[in-house]
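Read off the chains here:
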Amino acid sequence: MKWSNGLLLTLAIAAALRWQPAWACSSCGSGAADPVILNPLEQRKFYLGMTLAHRFQAVDEQGQTRKDYGPDRKTKLELAYAHRLTSALFVSLDTGLGENRKGSRAKTGMTDTALNLRWTALMQDVTEPWIPQVQLVVSHRFQTTKSLQDSKELYNLDSFGAGYDETFVGADVWFGMQPILFGASFLYSQPWEENTRSGRLQMGPTEKWIGTLGYKPAETFKIIGGVVRDKRGPIELDDQPSPVPSDKLSHDVFLTLETMRVEDDNFRLSWSQKAAFGSNRNATETLTYTLAWMKTL
Amino acid sequence: MKCLALIMGLLGLGSPLWADCRPVNITEFREATQKSPNRVVFFASWCSSCASHITADRIHDTIFVASADTRPKADKVLQVYLKDRASAATCFFDKDESIAQAFGVRNLPVEKYIRDLRQP
């Protein structure tokens, strides 16, 4: 199938409108695609998060904000479970149930499912606080639900997934031994080629840089904020590049409040704004709020 | 007095001068703590909030247990927090995390009491 402006717009914002990994967790351990992090003594943890995203505005390849596109509001109930395999390695699985709403119309459906592996290569040490914790992450998101490419509903209300598999690798560096916390994460992803009704779709690889700064005013509470630079390469359809620039660039901000109670359940409240500052293209401006409950089992 | 302690330490007599967290499992821990203080403080080198629980005034009524850590790091943490009192502290290194499991410890810092120990 040939490229068309409508198709390009759809593909260019497909990745932006789908549910993103919970990078607001970036440095509560790390950035990557896994919302639940285990400390060295935790064997299992359950995560339940409720996310609301709204105020969607598409940013085109010129960096101009266009009229709203797709749903007015997306909500998601995210379930994740983490299980320790060794003292330095744990695996987690997350999936969810989403609802897309436009006015009085709404559709619900399962979201994509991700399997994540996180390995602590270097542990933090309070006697040498200038040595960071280093974690490596490998993650795979499976296309398990309908995406924008398969959407048949008006305003893409039946689209809940990316529409392709995607494999992530990343590293997370975190200085968390002082009251002032800081860190950085890098995440690279390679989307898998997918046969769609428009043709063979190959989304470009993504590079995500996350810088995080936080403060721990008490033993049981921390505040973390950060910026994200999210860059995705151009899209190809049947090995043909798009006639207009289809690469994505988005600069996002986030703020997270999290409890760190030792023997009780914990909560995380996150706010993020995508395409919030700097130059952005083929991105989506949106506001996202997440409230999560975490229980160590 | 300090010179005497140093000489005794060098000769291997009496208590070591440095923190020494003895590696034990839960069985050995039960045997070793039958006549020990009741309070148990769990700590590790990766726990930045543990400092307030490892203080010199607790040495005589507290058992310190390092878990999910390495023994050299645990010794070092105790030495940093307790300084020249470190050698007087009762400290165990939870070599297989069985002590933490027996107390139901899943995060740090945490204080327990011997009575919290689950029966085998």
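Residues numbered from 1 in each chain as written. Chains lettered and ligands numbered in written order. Predicted model: local features only at pLDDT ≥ 70, side-chain atom pairs only at ≥ 80, totals over all residues.

Residues and elements named next belong to chain A. For strand β9 (residues 194-196) and strand β10 (residues 199-202), the ladder comprises 3 bridges, and the chain directions are antiparallel. Bridging across to β10, T196 finds its partner in G199. In terms of strand pairing, β10 meets strand β13 (residues 236-237) through 2 bridges, oriented antiparallel. Looking across to β13, one finds that Q202 is bridged to E236. (Pairing = 2+ DSSP bridges. Helix = DSSP H or I, 4+ residues; strand = E, 2+ residues; numbered from the N terminus.)

Time to look at the sheet that holds strand β1 (residues 22-24) of chain B. All names here are of chain B. Taken in spatial order, the 5 strands of this open sheet run β1-β4-β3-β2-β5, and their pairing is mixed. Whereas interior strands pair on both sides, the edge strands pair on one side only; in this sheet they are β1 and β5 (110-113). Recorded for the sheet is a direction-independent mean angle of 30° between the axes of neighbouring strands. Across 4 bridges, the pairing between strand β2 (residues 39-43) and β5 is antiparallel. (Axes fitted to C-alpha atoms, helices over the stretch in contact; angles between N-to-C directions.)

Moving on: the interface of chain B and chain A. Tallying the contact residues gives 19 residues for chain B and 16 residues for chain A. Ranked by residues supplied to the side of chain B that touches chain A, first place goes to helix α3 (residues 71-82) of chain B with 4 residues. Here the side of chain B that touches chain A is built from residues that sort into 11 nonpolar, 5 polar and 3 charged. (Contact = placed C-beta atoms within 7 Å. Nonpolar A, V, L, I, M, F, W, Y, C, P; charged D, E, K, R; others polar.)

All names here are of chain B. Compared with an ideal rise of 1.5 Å per residue, which puts 12 residues at 16 Å, α3 spans 16 Å between its outermost C-alpha atoms and is within 8% of the ideal. Restricting attention to buried positions, one finds in α3 the residues K73, A74, D75, K76, V77, L78, Y81 and L82. Where α3 is buried, its residues contact β2, β3 (62-66) and β4 (90-94). Within two residues after α3, K83 carries a phi angle of roughly 50°, on the positive side. (Expected span 1.5 Å × (residues − 1). Buried ≥ 20, exposed ≤ 12 C-beta atoms within 10 Å, placed from the backbone.)

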